[in-house]
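Spelled out from the first residue to the last, the chains are:
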Amino acid sequence: MALPDPREYFSDEEIDRARRYHRPAYLRAVVGAVVSFAYLAVLAFTGAGRAMADAVGSSVVVVAIVLLGGTVLGLPLRAWGFAHERRWGFAKQSWRAWFGDWAKGAVVGLV
């Protein structure tokens, strides 16, 4: 079954606008995947992960540190996404409120 042609429902201008809106999200997804993979690879395949585990001693704390590190590494990409949403008028929240929500989410994620 063939997909419907979007030009039957949307103008070329609307399609172009949708592409301009979505394109940065694809880039953020790729950059996020690379950063996440690199972070975990460094911990798994270098002495960094073992050194951290030896220094901390508790596997629960090691997991919390790894999760917290990943959350902090992802913060710039999430902020980039929020800035994009604000620029397009889809987000009206202040930066302070957004960061507060991000921090609360990070705490809940750790728990």
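Analysis parameters
- Residues numbered from 1 in each chain as written.
- Predicted model: local features only at pLDDT ≥ 70, side-chain atom pairs only at ≥ 80, totals over all residues.
- Heavy atoms only, no water.
- Patch = residues over 30% accessible without salt bridge, like charges linked within 9 Å, V, L, I, M, F, W, Y side chains within 5 Å.
- Areas by Shrake-Rupley, 256 points an atom, 1.4 Å probe, with all protein chains shown as cover.
- Salt bridge = Lys/Arg side-chain N within 4 Å of Asp/Glu carboxyl O.
- Buried < 20%, exposed > 50% of the residue type's maximum accessible area, 1.4 Å probe, protein only.
- Helix = DSSP H or I, 4+ residues; strand = E, 2+ residues; numbered from the N terminus.
- Expected span 1.5 Å × (residues − 1).
- Contact = heavy atoms within 4.5 Å.
- pLDDT = per-residue confidence, 0-100.

## Observations regarding a nonpolar patch on the surface
In step 1: Together, V63, L67, L68, V72 and L110 line one region of the surface with nonpolar side chains, adding up to about 400 Å² of accessible area.
In step 2: Taking the relative accessible area as the measure of exposure, L67 reaches 43% and is therefore partly exposed.

## Structural notes on helix α1 (residues 12–45)
In step 1: Given a rise of 1.5 Å per residue, 34 residues ought to cover 50 Å, and the 48 Å separating the end C-alpha atoms of α1 matches this to within 8%.
In step 2: Listed as buried for α1 are I15, Y21, R28, G32, Y39, A41 and L43.
In step 3: Contact partners of the buried residues in α1: α2 (47–56) and α3 (59–87).

## Looking at helix α4 (residues 95–110)
In step 1: If you check α4, its first and last C-alpha atoms are 22 Å apart, about what 16 residues at 1.5 Å a residue would give, namely 22 Å.
In step 2: Of the surrounding elements, those touching the buried residues of α4 are α3.

## Focus on the confidence of the model for the chain
In step 1: Averaged over all residues, the pLDDT of the chain is 95; the fraction at 70 or higher stands at 100%.
In step 2: α2 is the least confidently modelled element of the chain, averaging 94 in pLDDT, while α1 averages 96, the highest of any element.

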